[in-house]
Amino acid sequence: MTGTTPRRRQSPAVYRRRRIVLLVGLLVIAGVVWLLIAQPWAGVADETDAKDDTSTKQNQTDSLPVPSSGATDAAGDAGATGGATDGAETPTPGATPTALPCVASAVSVEAVTSADTYSGDESPQFTIKLTNNGPDCTLNVGTSGQSFTVTSGDDVWWRSTDCQSEPSDMIVTIAAGQTVSSASPLAWDRTRSAVGTCADATRPRAPGGGASYNLTVEIGGIPSTQPKQFLLY
């Protein structure tokens, strides 16, 4: 009679090892499934990108906001008001940059006119251009810190601040070597300005006939290095 060979009984240690291997495998599979579903890295990446984008907007500016002149608005001149245009990037007001405030000796400010001469029906267009010749620094480039002044000899004909409306601050970081200009020009209606006469349609007009005028500007407490001369005809 042929007998059957009895099965060898596995030792308790073998069963324990098998259970451990099975348990580890299940844990690995469960971890992979959780990673695929939860994607914990997605939120971190989005948050990092958002912070980088915000930092860029807060610390750099390609254009300056433009102050609003009540006198020019009342005369109906285009280009008298507005902010950054043509897709220029402007930082968020209220940013907390880490650079030190700009010093006047390291920043050059230039008064710019759209032309050297203007005929009788043309309104001069003014802009500000500044260049940071020093290290990164902060400056208030908001409309509250900007001024445009037109003089003829010692006679002050027009100040943008006489009839300015809703001035605002904008503290930004100007990078080393960066040049910034007004987003759009500010128009002068060729009349004499004075506080209290902003809506007066009978304000005296500046003489033409080849009369010479000078534009000076200031931004963030830093004046332009020299006046810009232009002629009215």
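Scroll up to find the structure.
It should be emphasised that the depicted structure is a prediction, and the values quoted were computed from it without experimental measurement. (Residues numbered from 1 in each chain as written. Predicted model: local features only at pLDDT ≥ 70, side-chain atom pairs only at ≥ 80, totals over all residues. Heavy atoms only, no water.)

1. Here's the deal with the packing of aromatic side chains
Right, on to step 1. For the structure shown, the criterion picks out 8 aromatic pairs.
Right, on to step 2. Pairing Trp188 with Tyr213 gives two aromatic rings, centres 6.0 Å apart and planes at 65 degrees, and the pair type is edge-to-face. You can see Trp188 sitting in the loop between strand E13 (186–187) and strand E14 (211–219) and its partner Tyr213 sitting in strand E14, a full 25 residues away along the chain.
Right, on to step 3. Judged by its relative accessible area of 0%, Trp188 is buried.
Right, on to step 4. Given the relative accessible area of 1%, Tyr213 is considered buried. (Phe/Tyr/Trp six-rings, centres within 6.5 Å; stacked < 30°, edge-to-face > 60°. Helix = DSSP H or I, 4+ residues; strand = E, 2+ residues; numbered from the N terminus. Buried < 20%, exposed > 50% of the residue type's maximum accessible area, 1.4 Å probe, protein only.)

2. Thoughts on unusual backbone geometry
Right, on to step 1. For Glu166, which is not glycine, the phi dihedral falls at a positive 50 degrees.
Right, on to step 2. Among the secondary structure elements, Glu166 is positioned in the loop between strand E10 (164–165) and strand E11 (171–174).
Right, on to step 3. Exposure remark for Glu166: the relative accessible area of 74% places this residue in the exposed category.

3. Observations regarding the environment of Gly142
Right, on to step 1. With respect to the element layout, Gly142 can be found in the loop between strand E7 (137–140) and strand E8 (146–152).
Right, on to step 2. Each C-alpha atom of the pair Gly142 and Asp169 lies 4.3 Å from the other, and the pair is 27 residues apart in sequence.
Right, on to step 3. Once residues lying within four places of it in the same chain are set aside, the contact partners of Gly142 are Pro65, Ser168, Asp169 and Met170. (Contact = heavy atoms within 4.5 Å.)

4. So, the sheet that holds strand E3 (residues 100–101)
Hydrogen bonds between backbone atoms are what pair the strands of a sheet, whose relative direction is either parallel or antiparallel.
Right, on to step 1. The strand order across the open sheet built from 3 strands is E3-E7-E11, with neighbouring strands paired in mixed fashion. Two strands close off the open sheet at either side, each with one partner strand: E3 and E11.
Right, on to step 2. When E3 meets E7, the two strands line up parallel, connected through 2 bridges. If you follow Pro101 over to E7, its bridge partner there is Thr138. (Pairing = 2+ DSSP bridges.)

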